[in-house]
Amino acid sequence: MEELRVKFEAVGQGHVFRWWNELGERARRRLARQLEAVDLDRLPELQAAIEALQSPRTRNLSPAPTFTLANENYPYLLNDAARALAPRGDKELREGRVAVLLVAGGQGTRLGFDGPKGCFPVMPLSGMTLFEVFARKLRRAGRDYGRVPPLYVMVGNHNEAATRNFWEDHDWFGLQPEDVQFFAQGEMPALDAQGKLVMAGKDQLFTGPDGHGGVLQALHVKGMLADMRRRGIRTISYLQVDNLQTPVVDPAFIGLHLDEGAEVSLKVVRKHEPAERVGIYCLDDGVPGIVEYSEFSEQQAGERDGQGRLRYWQGSIAVHLFEVDFLGRLIDRGADLPLHAAHKKVPHVNDQGEPVEPAQPNAYKFERFVFDTIPMAGNVMCLEVPRDEQFLPVKNAEGAFGPEGVKQSYQDYFGRAVEIALGKKPPALEVDPLVAENARELIEYLKTNDDAKSWDLTKPLHIT
Ligand code: UTP
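Residues numbered from 1 in each chain as written. Predicted model: local features only at pLDDT ≥ 70, side-chain atom pairs only at ≥ 80, totals over all residues. Heavy atoms only, no water.

Caption draft 1: Expanded view of the packing of aromatic side chains. The tally for this structure, following the rule as stated, stands at 14 aromatic pairs. Centre to centre, the rings of Phe 369 and Phe 371 are 5.3 Å apart; their planes meet at 40 degrees, and the pair counts as tilted. Members of the aromatic cluster, joined through ring pairs, are Phe 131, Phe 166, Trp 167, Phe 173 and Phe 182. A cation over a ring is seen here: Arg 270 above Trp 313, with NZ or CZ 3.9 Å from the ring centre. (Phe/Tyr/Trp six-rings, centres within 6.5 Å; stacked < 30°, edge-to-face > 60°. Lys NZ or Arg CZ within 6 Å of the ring centre and 35° of its normal.)

Caption draft 2: Expanded view of the sheet that holds strand S16 (residues 339-344). On the basis of which strands lie adjacent, the open sheet formed by 3 strands has the order S7-S19-S16 and antiparallel pairing. The open sheet terminates on both sides in strands that have one partner only, identified here as strand S7 (191-192) and S16. Looking at chain direction, S16 and strand S19 (residues 363-368) are connected through 6 bridges and run antiparallel. Pairing of Leu 339 across the sheet is with Arg 368, part of S19. Relative to the sheet, helix H3 (residues 43-54) contacts S7, S16 and S19, its axis offset from that of S16 by approximately 65 degrees. (Pairing = 2+ DSSP bridges. Helix = DSSP H or I, 4+ residues; strand = E, 2+ residues; numbered from the N terminus. Contact = heavy atoms within 4.5 Å. Axes fitted to C-alpha atoms, helices over the stretch in contact; angles between N-to-C directions.)

Caption draft 3: Quick look at helix H2 (residues 25-36). Compared with an ideal rise of 1.5 Å per residue, which puts 12 residues at 16 Å, H2 spans 16 Å between its outermost C-alpha atoms and is within 8% of the ideal. Taken together, the buried positions of H2 are occupied by Ala 27, Leu 31, Ala 32 and Leu 35. An end-on view of H2 places all buried positions within 130 degrees of arc, on one side of the element. Exposed residues pointing more than 90 degrees away from the buried face of H2 are listed as Glu 25, Arg 26, Arg 33 and Glu 36. Considering only its buried residues, H2 is in contact with helix H1 (2-10), strand S8 (199-201) and strand S9 (204-205). (Expected span 1.5 Å × (residues − 1). Buried < 20%, exposed > 50% of the residue type's maximum accessible area, 1.4 Å probe, protein only. Arc of directions from axis to C-beta.)

Caption draft 4: Here's a closer look at the environment of Val 148. Tracing the chain through its elements places Val 148 in the loop between helix H5 (130-145) and strand S4 (151-155). With residues up to four places along the chain from it excluded, the contact list for Val 148 reads Leu 138, Gly 142 and Leu 175.

Caption draft 5: Inspection of the site of the ligand at higher detail. Near the ligand lie 18 residues; those nearest to it are Gln 107, Thr 109, Arg 110, Gln 185 and Lys 395. Contact distances for the ligand include 3.0 Å between an oxygen atom and a backbone N or O atom of Gly 106. The side chain of Thr 109 places a nitrogen or oxygen atom 2.5 Å from an oxygen atom of the ligand. Burial of the ligand by the protein amounts to 87% of the accessible area it has alone, namely 560 Å². Of the residues contributing to the shell around the ligand, the split by class is 5 nonpolar, 9 polar and 4 charged. (Near = heavy atom within 4 Å. Polar contact = N/O pair within 3.5 Å; in protein donor to acceptor, adjacent residues only side chain to side chain. Areas by Shrake-Rupley, 256 points an atom, 1.4 Å probe, with all protein chains shown as cover. Nonpolar A, V, L, I, M, F, W, Y, C, P; charged D, E, K, R; others polar.)

Next up, the structure:
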């Protein structure tokens, strides 16, 4: 213990022992365990992240090349290029070389739901949860490609037990338990304005999940990359748990990724308006990457080309493909993703040891972002996809990306497909992901299903 105390004092962090003498044996052990896990050599990196936040470096941006696979009848048809590429992705899926990685370790603060975000009941009629939607999409992939891609779910310490129990209680939603693995991401401490580690209690350091970019280290440390290699996985389909509309695997996307020899690929949608708060795929000093909306000046975000279209239109939807070998190489050479600081309200104890819920941001939290792998990749491929087909995240408590807004957009999107196929749309609608994942599939299903013609479309319609 003395050794630990000396180490913390040497870097000006001795305050973490302030209440040590008051603590009982168990509390001391817990605090000591937490402190042992703090990598003090990294403190300068945390400080550098705060400085980068306070004075962002100037960027030299230019637009980046992007493929588009939707045709003019957008969004219901794929163009010839997509149709030509799909068989290559199809083959990878059939031969079991693709895994699905779902990141679900966030805190879902904005949504404010009590429980892991994946347990949120998102579907408009059945109340099916996000986790079940993803599981059903995987089962459908199993039907389409003759095998279910293995699923890796990244969780955080705060929601690991709840997530595992939820899946177990629901019999893994019909998937094989050995094909579903959970692994916890790392944690990061927070620093206050004076650069001191924030204490959440007298016997507790404040820590929070280390961002979706924590996935790189977590895949390695928790043996998941090794597990993927054992299973012969070469490509990872990376998804975020809150995007209801994303396909779990997309053969055209995989086909193009392989065709281009990409190590990382990403999907983007066309920005609605210059001020939309979404990370933009572009070149920075000629290197591809994602630049946060906050780093664009108003003038730059609104720049248009000769045809009046936004120059920086590629909004990232956080859907990626990663080559397992690429991530392995980053690990082997000891590379890690950069830390980003954010000024946040962090609950803590004051000098008297009393708990404080701050009303204003009081400390810096640190996260890594998964898209920081992009500038490290030898080759990157970017694909534009139709927004309403593939991007519908549950982020907030209200508004377009709140539960009600999402349910409405979901029903509007599939409602148009029902109208195209059956001539009328029902007042409320839900489509089991086992039946169709997008409007294209639903139209095809409805047109070839004779029963559909006799459905009563004046009532809510649940297509199962
Ligand atoms: P968001 O950045 O939207 O965060 O995460 P969030 O935790 O869901 O919500 P807020 O910001 O607290 O309101 C996008 C995706 O990345 C995952 C989330 O679970 C979500 O799928 N994520 C985020 C992690 O897995 N770990 C993290 O540390 C952060």
